[in-house]
Amino acid sequence: MMEMRHGKETHRATRADVAQLAHVSTAVVSYVFNNGPRNVAPETAAKVRAAAKKLNYRPNSMARALRTGSSKTLGIIVPDLSNPFFSDVYNALETNAAQEGYSTLFMASHQDPNKELDRVSRLIARDVDAIIIRSDKITAEVIEAAKNLKIVVRAGAGYDNVDLAAATARKIVVMNTPGQNSNAVAELAIGLMIFMARNKFTPGTGTEIHGKRLGIHAYGNVGKLVARYGKGFGMEVYAYDPFITDKAVYEKDGVIPVGSVEELYSKCDYVSVHIPATEQTKKSINYDLLSKMPKGATIVNTARKEVIDEEGLAKVLAERTDLKYVTDIAADMQVVLNEKFGNRVFATPKKMGAETQEANVNAALAAANQIVAFFTKGENRFQVNKW
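A brief report on the enclosed structure follows. Being a predicted model, the structure only gives us computed values, none of them experimental. (Residues numbered from 1 in each chain as written. Predicted model: local features only at pLDDT ≥ 70, side-chain atom pairs only at ≥ 80, totals over all residues. Heavy atoms only, no water.)

## So, the overall build of the protein
Across its full length, the protein carries 16 helices and 14 strands. Residue burial in the protein is summarised as follows: out of 387 residues, 52% are buried. Of the contacts formed within the protein by residues at least 6 apart in sequence, a portion of 63% connects residues at least 24 apart. When the accessible area of the protein is evaluated, it comes to approximately 18200 Å², of which 51% is carbon and sulfur surface. (Helix = DSSP H or I, 4+ residues; strand = E, 2+ residues; numbered from the N terminus. Buried < 20%, exposed > 50% of the residue type's maximum accessible area, 1.4 Å probe, protein only. Contact = heavy atoms within 4.5 Å. Areas by Shrake-Rupley, 256 points an atom, 1.4 Å probe, with all protein chains shown as cover.)

Here you go:
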């Protein structure tokens, strides 16, 4: 029996107990027992096993099922083992999958999320029925290798890192988890506005966002929260979304709808961008649109870099020394923008929108629940590809 004693109390040792004793994350403990130590430093694996032995901890039924090849295989692809998202998804999947009779869990890791899944991850993909990803790419190559794959869940709203055409051709369901990261992104958007209003916290006189006009470009989950928080700061909020034409949707939130994207940009001191990167939207925020912004305006991009026409942005910033641009997704020419425009531009060192503990937990639980519901009930509410 897996036990540890504290005075007269006896309880079953957990991964967290082992992790605490070994001074590692629970993700590392999971990886050692579920996949073997091949991607964990030998000394770390030995330390984890020693801690487990001391606590009389043994791999759970999910790990044993993995080695015997029984049940379904649920795969998680994460950039690195230290990512808290890894632990959150593991815990959510372990609980929900076990409750529904699924006892298998497979986890993979690679070091560079900008690359295609590496050889190990592609090998793992051959056996999995489901994959959860964050920023990693599910390419046509990976889909071809994943012979048993039934579903891919992108833990987050955007899904342009999945080859939808390849997945659809194989009738593999692709889902996202809309709304789970929304608050984190919305808070960042407001924070970036204040950051730029105060001249990136450099010495000198800044401005306030109170009383300014805020434009929301796309009134989805994030856009609605940015509008609410903007109103909390005393901003006058406008919004444009071509897919939401009912004025009552905006007005019940105290938001003023406008009739065109040109009107939004020409009217607002701050425009917060929340449009996806599609063939219709890529480079749609261009020189002509940006030129319409009022004096001293700032554009805030927490969406996708592809929606910005970078050459047009550089041109308007050169002509309009009063304009500012701040983004959570560095432009391809960000170095040039920084050199030319200094304090008037800023990009976060990496995409930070969803990088909060709360967002990780929310996305992990949603992804885990959606996979279990798909296999047990056939639910596909958040499917983004159709056939």
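## As for the packing of helix H9 (residues 182-197) against helix H10 (residues 221-232)
For the pair H9 and H10, the least separation of the axes is 8 Å and the interaxial angle reads 45°. Classed by the angle they form, the pair H9 and H10 counts as oblique. Here H9 runs over H10; the crossing is right-handed. Contact with H9, carried on its side by Ser182, Asn183, Val185, Ala186, Glu187, Ala189, Ile190 and Met193, involves Asn221, Val222, Leu225, Val226, Tyr229 and Gly230 of H10 and no other residues of that element. Taken together, the residues of the contact of H9 with H10 sort by class into 9 nonpolar, 4 polar and 1 charged. (Axes fitted to C-alpha atoms, helices over the stretch in contact; angles between N-to-C directions. Parallel < 35°, antiparallel > 145°, perpendicular 65-115°, else oblique. Left-handed = near helix turned anticlockwise from the far one by under 90°. Nonpolar A, V, L, I, M, F, W, Y, C, P; charged D, E, K, R; others polar.)

## Let's talk about helix H14 (residues 310-319)
If you check which residues of H14 are buried, you get Glu310, Gly312, Leu313, Ala314, Val316 and Leu317. Contacts from the buried residues of H14 go to helix H13 (287-291), strand S13 (324-327), helix H15 (334-341) and strand S14 (345-347).

## Observations regarding the pattern of salt bridges
The final tally for this structure, using the stated rule, is 9 salt bridges. Across the pair lysine 147 and glutamate 144 runs a salt bridge whose closest N-O atoms are separated by 2.9 Å. The salt bridge involving aspartate 332 is made with lysine 305; its shortest N-O contact spans 2.6 Å. In this pair, aspartate 332 sits in the loop between S13 and H15 while lysine 305 sits in the loop between strand S12 (298-301) and H14, placing the two residues 27 residues apart along the sequence. Judged by its relative accessible area of 26%, lysine 305 falls in the partly exposed class. (Salt bridge = Lys/Arg side-chain N within 4 Å of Asp/Glu carboxyl O.)

## A look at the nonpolar core
In terms of nonpolar packing, the biggest core is built from 32 residues, with Leu264, Tyr265, Val273, Ile285, Leu290, Ile299 and Leu337 touching the most fellow members. Listed by contribution, the elements that provide at least two residues to this core are strand S9 (236-240), helix H12 (261-267), strand S11 (270-273), H13, H14 and H15. Ranked by the residues each element gives to this core, the list is headed by H14, at 4 residues. Once you skip the residues sitting within four places of it in the chain, leucine 337 turns out to touch Leu313, Ala314, Leu317, Ala331, Gly342 and Val345. Ranked by size, the runner-up nonpolar core spans 25 residues in total, among them Ile216, Leu225, Met235 and Tyr270. (Core = buried A, V, L, I, M, F, W, Y, C linked by side-chain atoms within 4.5 Å.)

## A word on the environment of lysine 324
Assignment of secondary structure puts lysine 324 in strand S13. Measuring from C-alpha to C-alpha, the distance between lysine 324 and valine 300 comes to 8.7 Å, with 24 residues separating the pair along the chain. Ignoring sequence-local partners within four residues, the contact set of lysine 324 consists of Met196, Asn199, Ala297, Thr298, Ile299, Leu317 and Arg344.

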